[in-house]
Amino acid sequence: MTKPGTIFEAIGGFDSIDRLVTAFYKRVGKHPKLIPIFPDDLTETARKQRLFLTQFFGGPQLYNEDRGHPMLRRRHLPFVITPERRNAWLDCMSEALIEAEIEEPYRTAIFDKLSMTANHMMNTPE
Ligand code: HEM
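What about the overall build of the protein chain?
In step 1: The secondary structure content of the protein chain amounts to 7 helices and 0 strands.
In step 2: Listing every helix and strand of the protein chain by position from the N terminus yields α-α-α-α-α-α-α.
In step 3: Since a compact globule built from 126 residues should have a radius of gyration of about 14 Å, the 14 Å found for the protein chain is in line with a globular shape.
In step 4: Viewed in the frame of its principal axes, the protein chain has a C-alpha envelope of about 40 × 30 × 25 Å.
In step 5: Across the 126 residues that make up the protein chain, the buried fraction comes to 40%.
In step 6: Restricting the contact set of the protein chain to residue pairs at least 6 apart, pairs at least 24 apart contribute 68%.
In step 7: Here the protein chain displays about 7,200 Å² of accessible surface, and carbon together with sulfur accounts for 56% of that area.

Here we look at the coordination of the iron atom of the ligand
In step 1: Donor atoms from the protein around the iron atom of the ligand number only one, His76 (NE2), found at 2.0 Å.
In step 2: Position of His76 among the secondary structure elements: in helix α5 (residues 72-76).

Comments concerning the environment of Arg47
In step 1: Mapping Arg47 onto the fold places it in helix α3 (residues 43-56).
In step 2: We classify Arg47 as partly exposed; its relative accessible area is 30%.

Overview of unusual backbone geometry
In step 1: Cis peptide bonds are those with omega within 30 degrees of zero, and the linkage from Glu104 to Pro105 qualifies with 5°.
In step 2: Checked against the element boundaries, Pro105 lands in the loop between α6 (83-99) and α7 (106-121).
In step 3: Positive phi values are uncommon outside glycine, yet Met71 reaches one of about 40°.
In step 4: Checked against the element boundaries, Met71 lands in the loop between α4 (62-67) and α5.
In step 5: Exposure remark for Met71: the relative accessible area of 33% places this residue in the partly exposed category.
In step 6: Although it is not a glycine, Glu101 adopts a positive phi angle of roughly 60°.
In step 7: Inspection of the secondary structure assignment puts Glu101 in the loop between α6 and α7.
In step 8: Taking the relative accessible area as the measure of exposure, Glu101 reaches 56% and is therefore exposed.

Observations concerning the packing of helix α2 (residues 14-28) against α6
In step 1: Contact pair α2 / α6: the axes reach a minimum separation of 8 Å and the direction vectors enclose 140°. Our classification of the angle between α2 and α6 gives oblique. Crossing handedness for the pair α2 and α6: right-handed. Along its contact with α2, which presents Leu20, Ala23, Phe24, Lys26, Arg27 and Val28, the element α6 presents Trp89, Cys92, Met93, Glu95, Ala96, Leu97 and Glu99.
In step 2: Class assignment of the residues belonging to the contact of α2 with α6 gives a composition of 9 nonpolar, no polar and 4 charged.

Comments concerning the site of the ligand
In step 1: Residues in close proximity to the ligand total 20 residues, the closest being Thr45, Tyr63, Arg67, His76 and Trp89.
In step 2: Side-chain polar atom of His76 to a nitrogen atom of the ligand: 2.8 Å apart, as the coordinates give it.
In step 3: Taking a 2 Å distance to the grid points as the criterion, the majority of the atoms of the ligand fall inside the largest pocket.
In step 4: For the shell around the ligand, the secondary-structure elements that each account for two or more residues are α3, α4, α5, α6 and α7.
In step 5: Residue composition of the shell around the ligand, grouped by class: 12 nonpolar, 4 polar and 4 charged.

Criteria and cut-off values
Residues numbered from 1 in each chain as written. Predicted model: local features only at pLDDT ≥ 70, side-chain atom pairs only at ≥ 80, totals over all residues. Heavy atoms only, no water. Helix = DSSP H or I, 4+ residues; strand = E, 2+ residues; numbered from the N terminus. Rg over C-alpha atoms; globule rule 2.2 N^0.38 Å. Buried < 20%, exposed > 50% of the residue type's maximum accessible area, 1.4 Å probe, protein only. Contact = heavy atoms within 4.5 Å. Areas by Shrake-Rupley, 256 points an atom, 1.4 Å probe, with all protein chains shown as cover. Donors = N, O, S within 2.8 Å, 3.2 Å for Na, K, Ca; no water. Axes fitted to C-alpha atoms, helices over the stretch in contact; angles between N-to-C directions. Parallel < 35°, antiparallel > 145°, perpendicular 65-115°, else oblique. Left-handed = near helix turned anticlockwise from the far one by under 90°. Nonpolar A, V, L, I, M, F, W, Y, C, P; charged D, E, K, R; others polar. Near = heavy atom within 4 Å. Polar contact = N/O pair within 3.5 Å; in protein donor to acceptor, adjacent residues only side chain to side chain. 1 Å grid on protein atoms, 1.4 Å probe; cavity = no way out; pocket = protein on both sides within 12 Å on 5 of 7 lines; lining within 4 Å. Sits in = over half its atoms within 2 Å of the grid points.

This is the structure we're talking about:
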């Protein structure tokens, strides 16, 4: 079910999340600061991120159904996430939001919410 008044609905639902995630991992897979911690094949990573961002922005709770409680910080602990890697992740996301043609005010709203979560994922000082 797509609830009216959510960011998920306002940006155009699954198709837009799909474009965003595809544009994002295309960049992650080429980013020198991110390559060392991500798998070579990003298909499964992208699939999980599609489910997560769908529910994070107010769509159906697909991630919970597939993977259980997100516990995102805990799931990121095996990876060294420095401020530099956080910045790299957010740079990829910022460009992906433009490529996926997510328009304002949603582009900034999404980026701000993801920035807060990204700060929470850092687990190692530079
Ligand atoms: C701060 C920078 C971040 C880095 C460097 C990072 C890195 C990673 C890595 C290496 C993985 C594992 C990929 C795999 O094995 O398939 C992962 C998984 C994931 N990340 Fe991040 N991440 C960051 C921020 C975020 C943020 C801000 C979110 C959400 C808003 C997020 C959501 C996820 C999700 C949903 C998964 C899949 C978890 C699972 O079900 O296994 N990440 N991330």
